Structure formats: structure tokens, C-alpha cells
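A look at the structure
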Amino acid sequence: LRSLSFWLILLYRKHAPDNVRRRCRYHPSCSKYTFVSIKRFGFCRGWKIAFKRFQRCRPPNGGIDYPPHRCH
């Protein structure tokens, strides 16, 4: 599942329209954040962390937001 997630993220990055990808309010982008989270924490916990960030992605939120180094 982890490899499938990486493949889907890379597929999204390659084929998503530029106007969709440029709307990202955060740095790094949500796809990069998800990629790093899954790599760091595994499939389940990584996606859970990513979905929490997706929920924050609305005004006035934004800015620099890196995945945590450890989960509590």
C-alpha cells in the first residue's frame, strides 16, 4: 500500500493541471507533505497526518508547514 501511495502521488504530480497544483496554500505542497509523512510514519499514520493537513487547507491557514518528526 505504501508503494501504491507513492505511485499515486507521483501520478498526481505529473498529470494534475497546473492551476490546481498552484493553489496550494502551504509549503511544501500537500503532495510532498503526504509523500514525506508516509515515508516517515508508514501508510496508515502517514495518511492520517496528511488528511489532517488537508482539512486545514482553507483561508486563513497557509505558510510553511513541514510534517512532524515524531507523532505523539
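No experiment lies behind these values; they were computed from the predicted model shown.

**Considering the layout of surface pockets**
Of the pockets and cavities examined, the largest pocket occupies roughly 360 Å³. Around the largest pocket sit 15 residues that line it, and Tyr-12, Ser-29, Cys-30, Ser-31 and Phe-54 are the ones nearest its centre. Only α1 (2–15), α2 (18–21), α3 (30–41) and α4 (43–56) provide two or more residues apiece to the lining of the largest pocket. Taken together, the residues of the lining of the largest pocket break down into nine nonpolar, three polar and three charged.

**Details of α4**
With 14 residues, α4 extends 20 Å from end C-alpha to end C-alpha; this agrees with the ideal 20 Å at 1.5 Å per step. Of the positions making up α4, those classed as buried are Gly-46, Ile-49, Ala-50 and Arg-53. Buried residues of α4, viewed axially, fall in a sector of 100°; they line one side. Exposed positions of α4 whose direction lies more than 90 degrees from the buried face are Cys-44, Lys-48 and Gln-55. On its buried face, α4 is in contact with β1 (26–27) and α3.

**Here we look at α3**
Taking 1.5 Å per residue as the helical rise, α3 with its 12 residues ought to reach 16 Å, and the 16 Å between its terminal C-alpha atoms agrees with that figure. Packed against the buried residues of α3 are α1 and α4. Taken from the residues just after α3, Gly-42 is the one with a positive phi, measuring 95°.

Each value, and the rule that gives it
Residues numbered from 1 in each chain as written. Predicted model: local features only at pLDDT ≥ 70, side-chain atom pairs only at ≥ 80, totals over all residues. Heavy atoms only, no water. 1 Å grid on protein atoms, 1.4 Å probe; cavity = no way out; pocket = protein on both sides within 12 Å on 5 of 7 lines; lining within 4 Å. Points joined across faces, edges and corners; volume = space filled by probe spheres on them. Helix = DSSP H or I, 4+ residues; strand = E, 2+ residues; numbered from the N terminus. Nonpolar A, V, L, I, M, F, W, Y, C, P; charged D, E, K, R; others polar. Expected span 1.5 Å × (residues − 1). Buried < 20%, exposed > 50% of the residue type's maximum accessible area, 1.4 Å probe, protein only. Arc of directions from axis to C-beta. Contact = heavy atoms within 4.5 Å.

Function cannot be inferred from these measures alone, as they are strictly geometric.
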